[in-house]
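Secondary and tertiary structure notes
Spelled out, the chains give:
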Amino acid sequence: MTDPRQTFELALRSPALVGAKDKAGWVALFHPEGFVEDPVEAGRYAGSAKISLFWDVFIGPQPSVAFEVKRDFCGLHTFIRQATVVSVTEADPDAVLPVPALIAYTLRDGLVGSLQAVWEPRHVIAWFLGRRFAGLRALGRHGARMMGRAGLGNGLRFGMTLAGGLRRDDARGLVLAIASGDPDQWSCPRTANITIGCETAEESFDGAPVPAIERLQAHAGGSLARLVIDQLVICGHHIGAFLVDPDGEGGLALMLRVKRGEVAAMTALWSGTRRVLG
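Within each chain, residues carry numbers counting from 1 in the order of the written sequence. In view of the model being predicted, local features appear only for residues whose pLDDT reaches at least 70, and side-chain atom pairs are presented and counted only at 80 or more, with totals across whole chains, interfaces and linings using the full set of residues. Side-chain calculation: all heavy atoms of the structure are included, whereas hydrogens and water are not.

Any Lys or Arg side-chain nitrogen found within 4 Å of a carboxyl oxygen on Asp or Glu counts as a salt bridge. Evaluated as defined, the whole model comprises 13 salt bridges. Notably, a salt bridge pairs Glu-203 with Arg-215, separated by 2.8 Å at the nearest N-O pair. Of the two residues, Glu-203 sits in strand β8 (residues 201–206) while Arg-215 sits in helix α9 (residues 209–220), which places them 12 residues apart along the sequence. A salt bridge links Glu-249 to Arg-274, with the nearest nitrogen and oxygen atoms 3.3 Å apart. Taken together, the residues Glu-249 in the loop between β10 (238–244) and β11 (251–259) and Arg-274 in the segment after β12 (262–271) connect sequence positions 25 residues apart. For Glu-249, a relative accessible area of 39% gives the class partly exposed. Put simply, DSSP H or I for four residues or longer makes a helix, DSSP E for two residues or longer makes a strand, and each gets a number counted from the N terminus. When accessible area is computed with a 1.4 Å probe and restricted to protein chains, residues below 20% of their type maximum are described as buried, those above 50% as exposed, and intermediate ones as partly exposed.

Glancing now at the sheet that holds β10. DSSP calls a pair of strands paired once it identifies at least 2 bridges connecting them. Taken together, 6 strands build an open sheet; the order of strands is β8-β7-β12-β11-β10-β9 and the sheet is mixed. In the strand order of this sheet, the two ends are held by β8 and β9 (228–235), each with one partner. Strand-to-strand, the axes of this sheet are offset by a mean angle of 15°, without reference to chain direction. Relative to β10, β9 runs antiparallel, the two sharing 7 bridges. Residue pairing in the sheet places Ile-229 in a bridge with Leu-243 of β10. Structural elements are reduced to axes, namely lines fitted to C-alpha atoms, with helices fitted over the stretch in contact, and the angle between N-to-C directions of any two is expressed from 0 to 180 degrees.

Once that is clear, we can look at the sheet that holds strand β1 (residues 30–37). The strand order across the open sheet built from 6 strands is β2-β1-β6-β5-β4-β3, with neighbouring strands paired in mixed fashion. The open sheet terminates on both sides in strands that have one partner only, identified here as β2 (45–46) and β3 (64–74). Taken together, the 7 bridges between strand β5 (residues 92–108) and strand β6 (residues 111–118) define a ladder with antiparallel strand orientation. Residue pairing in the sheet places Tyr-105 in a bridge with Leu-115 of β6. Working rule for contacts: check all heavy atoms of both residues, and any pair within 4.5 Å makes them a contact. Contacts between helix α4 (residues 48–59) and the sheet are confined to β1 and β2, with β1 contributing the most and set at about 40° to the helix. Where helix α5 (residues 121–129) meets the sheet, it contacts β4 (78–89) and β5, and its direction lies at approximately 165° from that of β5.

What follows deals with the packing of aromatic side chains. Note on aromatic contacts: the rings of Phe and Tyr and the six-membered ring of Trp form a pair at centre separations within 6.5 Å, being stacked when their planes are under 30 degrees apart, edge-to-face when over 60 apart, and tilted otherwise. Under the counting rule described, the total for this entry stands at 10 aromatic pairs. Among the aromatic residues, those joined into a cluster by ring pairs are Trp-26, Phe-30, Tyr-45, Phe-54, Trp-55 and Phe-58. Directly above the aromatic system of Phe-35 lies the positively charged group of Arg-44, at a separation of 3.6 Å from the ring centroid. Note on criteria: charge over ring means Lys NZ or Arg CZ within 6 Å of the ring centre, with the direction from the centre no more than 35 degrees off the ring normal. Geometry around Phe-205 places Arg-215 over its ring, the cationic atom sitting 4.5 Å from the centre.

We now examine the layout of surface pockets. In this structure, the largest pocket occupies an estimated 700 Å³ of space. Lining of the largest pocket is provided by 34 residues; of these, Asp-38, Phe-58, Val-85, Ser-87 and Trp-119 occupy positions nearest its centre. Those elements giving two or more residues to the lining of the largest pocket turn out to be α2 (9–19), α4, β3, β4, β5, β6, α5 and α6 (132–150). When residues of the lining of the largest pocket are assigned to their parent elements, the largest contribution, 6 residues, is made by α6. For this classification, the nonpolar set comprises Ala, Val, Leu, Ile, Met, Phe, Trp, Tyr, Cys and Pro, the charged set comprises Asp, Glu, Lys and Arg, and every other residue, Gly included, is treated as polar. Tallied by class, residues from the lining of the largest pocket come to 25 nonpolar, 6 polar and 3 charged. Points on a 1 Å grid over protein atoms alone make up a cavity when a 1.4 Å probe fits among them but cannot get out, and a pocket when they form an open set with protein on both sides within 12 Å along at least five of seven lines; lining residues each have an atom within 4 Å of a point. Grid points are joined across faces, edges and corners, and a volume is the space filled by probe spheres set on the points. Considered as a void within the structure, the second largest pocket measures approximately 220 Å³ in volume. Every residue lining the second largest pocket is counted, 13 residues in all, and those nearest its centre are Asn-193, Thr-195, Ala-265, Met-266 and Thr-267. Listed by contribution, the elements that provide at least two residues to the lining of the second largest pocket are β7 (193–198), β8, β11 and β12.

Our focus in this paragraph is the nonpolar core. Here, nonpolar core means buried Ala, Val, Leu, Ile, Met, Phe, Trp, Tyr and Cys residues that are tied together by side-chain atoms lying within 4.5 Å of each other. Within the largest apolar cluster, 45 residues are counted, with the highest numbers of intra-cluster contacts made by Trp-26, Phe-30, Phe-79 and Ile-103. It is α4 that contributes the most residues to this core, 7 residues altogether. If sequence neighbours within four positions are ignored, Trp-26 has contacts with Ser-14, Leu-17, Val-18, Val-36, Ile-51, Phe-54, Trp-55, Ile-59 and Leu-115. The next biggest cluster of nonpolar side chains, apart from the first, holds 34 residues, and it includes Ala-177, Ala-192, Ile-196 and Ala-241.

None of this, on its own, says anything about what the molecule does.
Right, here's the structure in full:
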């Protein structure tokens, strides 16, 4: 079995390159047709030029960005991290902004094909507002950069993550319905994109609750109903959830996109051990 540290070597290098402010090295991690959605629903930055632009707008201006990783989940081509992004911002050089996140990478031709992050923009905006004038000034600068460089469309998409989206109770209920193992408790259209995996297997298929639950239970070695929610983050109509076995090492990472109450996309990775790859 291939060591996942080798398989996901480039994804594992990403935090260090961000911390070192190595823009060229970070952009080079990505496939020429790769993309970044950070956060999801706030615009897709596809191709090397747009990924470079993403850096200039969102990463470069921050005095420092670091990552505190709690747990990693591996498939064969997909890698999910349960992490807190820790930033020092323009608003306050003495304060740290912690942002809990689900960060998902996929591979393409040996390079990073995609980076998608689920975190809560409302939490971030509230933190800045708590810094009063300095926070408002920093938000204004960021907004001007985003609208001027990333474009009006992406600025509006980011705003939409603040204005609508899923209620926390509904998101929690859907996650628990999936973990219940009862396919009648949730639904997805036939066009839904579902990826299920663990360290030794990964497959993608069109939507149906029954095969998704069967594959997850096979990887978990039994019922998922024993799992409890460890962390839940919501961005618009996306859910990032981490579930753990309170009596064991097992855990499940879930990234869901919800449309009209149904699961329109799901990525689910099972891990039998608590670990951080690096």
